[in-house]
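Observations on the three-dimensional arrangement
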Amino acid sequence: MTPENIQRVQSSWAIVRPVSDDAIEFFFDSVFMRDPALEMRINEHFADHKATFLSTLNMAIGWLDKPDYVIPALETLGARQAGQGFQQADYQTAGFALIDTLSVHLGLDFDDATERAWIDLIDYVAGIMSQSGANAPVIDRLAA
């Protein structure tokens, strides 16, 4: 990601972060509307998924300029989620839901450049997580 996109993501997230609990509720409502099967899969551990999503998002945003920290954490999470049955299409669903969430919560501050920066972040994070999940050994998937 470019320094400008990193700055856009971080500054726009600073606007949303004080209402992140509401934003996360909106996000998951959007995810479940897009793919009801995910609700059934996530519902059992919904509070854990909300907390994990929020902490992952905070970590990824905070460490955008520190790939040596963020990449291993995302790889670990991606392998764990693969063990829970998450697939590439689920990352796409989540990405669209996150864009919807940001659009609503940022309003006019969610301009084209900010949207592009978030899409870059989503592609970056989802790419790392889905690739590490695809490469996770079968035994790790079974143990997750």
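Residues numbered from 1 in each chain as written. Predicted model: local features only at pLDDT ≥ 70, side-chain atom pairs only at ≥ 80, totals over all residues. Heavy atoms only, no water.

**A short note on the packing of helix 1 (residues 3-16) against helix 4 (residues 46-62)**
It is at 9 Å that the axes of helix 1 and helix 4 come closest, and there the two elements cross at 140°. Here helix 4 runs oblique to helix 1, going by the angle between their axes. The interaxial crossing formed by helix 1 with helix 4 has left-handed handedness. In this structure, helix 1 contributes Val 9, Gln 10 and Trp 13 to the contact, and helix 4 contributes Leu 54, Leu 57, Asn 58, Ile 61 and Gly 62. (Axes fitted to C-alpha atoms, helices over the stretch in contact; angles between N-to-C directions. Helix = DSSP H or I, 4+ residues; strand = E, 2+ residues; numbered from the N terminus. Parallel < 35°, antiparallel > 145°, perpendicular 65-115°, else oblique. Left-handed = near helix turned anticlockwise from the far one by under 90°. Contact = heavy atoms within 4.5 Å.)

**Regarding helix 2 (residues 20-34)**
Spanning 15 residues, helix 2 covers 21 Å between terminal C-alpha atoms, matching the ideal 21 Å at 1.5 Å per step. Within helix 2, burial applies to Ser 20, Ala 23, Ile 24, Phe 27, Phe 28, Ser 30, Val 31 and Phe 32. (Expected span 1.5 Å × (residues − 1). Buried < 20%, exposed > 50% of the residue type's maximum accessible area, 1.4 Å probe, protein only.)

**Quick look at the layout of surface pockets**
Sizing a probe to match a water molecule and rolling it over the atoms shows the empty space that remains. As a volume, the largest pocket reaches approximately 170 Å³. Lining of the largest pocket is provided by Gln 88, Tyr 91, Gln 92, Gly 95, Phe 96, Ile 99, Ile 119, Ile 122, Asp 123, Ala 126 and Gly 127. Of all elements in the fold, only helix 6 (88-106) and helix 7 (112-135) reach the threshold of two or more residues within the lining of the largest pocket. With six residues, the top contributor of residues to the lining of the largest pocket is helix 6. The class makeup of the residues in the lining of the largest pocket is six nonpolar, four polar and one charged. (1 Å grid on protein atoms, 1.4 Å probe; cavity = no way out; pocket = protein on both sides within 12 Å on 5 of 7 lines; lining within 4 Å. Points joined across faces, edges and corners; volume = space filled by probe spheres on them. Nonpolar A, V, L, I, M, F, W, Y, C, P; charged D, E, K, R; others polar.)

**Brief notes about the confidence of the model for the protein**
It should be kept in mind that the predicted coordinates are not to be read in detail where pLDDT is low. For the protein, the mean per-residue pLDDT works out to 85, and 90% of the residues sit at or above 70. In the predicted structure, residues 136-144 sits below a pLDDT of 50 and forms nine contacts with residues beyond four places in sequence or in another chain. (pLDDT = per-residue confidence, 0-100.)

**Remarks on empty space enclosed by the protein**
Counted by the stated rule, this structure contains two cavities of 30 Å³ or more. Size it by volume and the largest cavity reaches roughly 440 Å³. Residue lining of the largest cavity: 24 residues in total, with Phe 27, Phe 53, Gln 81, Tyr 91 and Ala 94 positioned closest to the centre. Mapped by element, the contributors of at least two residues to the lining of the largest cavity are helix 2, helix 3 (36-43), helix 4, helix 5 (67-83), helix 6 and helix 7. Partitioning the lining of the largest cavity into residue classes produces 18 nonpolar, five polar and one charged. In this structure, the second largest cavity is lined by Trp 13, Val 16, Ala 23, Ile 24, Phe 27, Leu 98, Thr 101 and Leu 102. Of all the elements in the fold, those that place two or more residues in the lining of the second largest cavity are helix 1, helix 2 and helix 6. In terms of residue class, the lining of the second largest cavity is made up of seven nonpolar, one polar and no charged.

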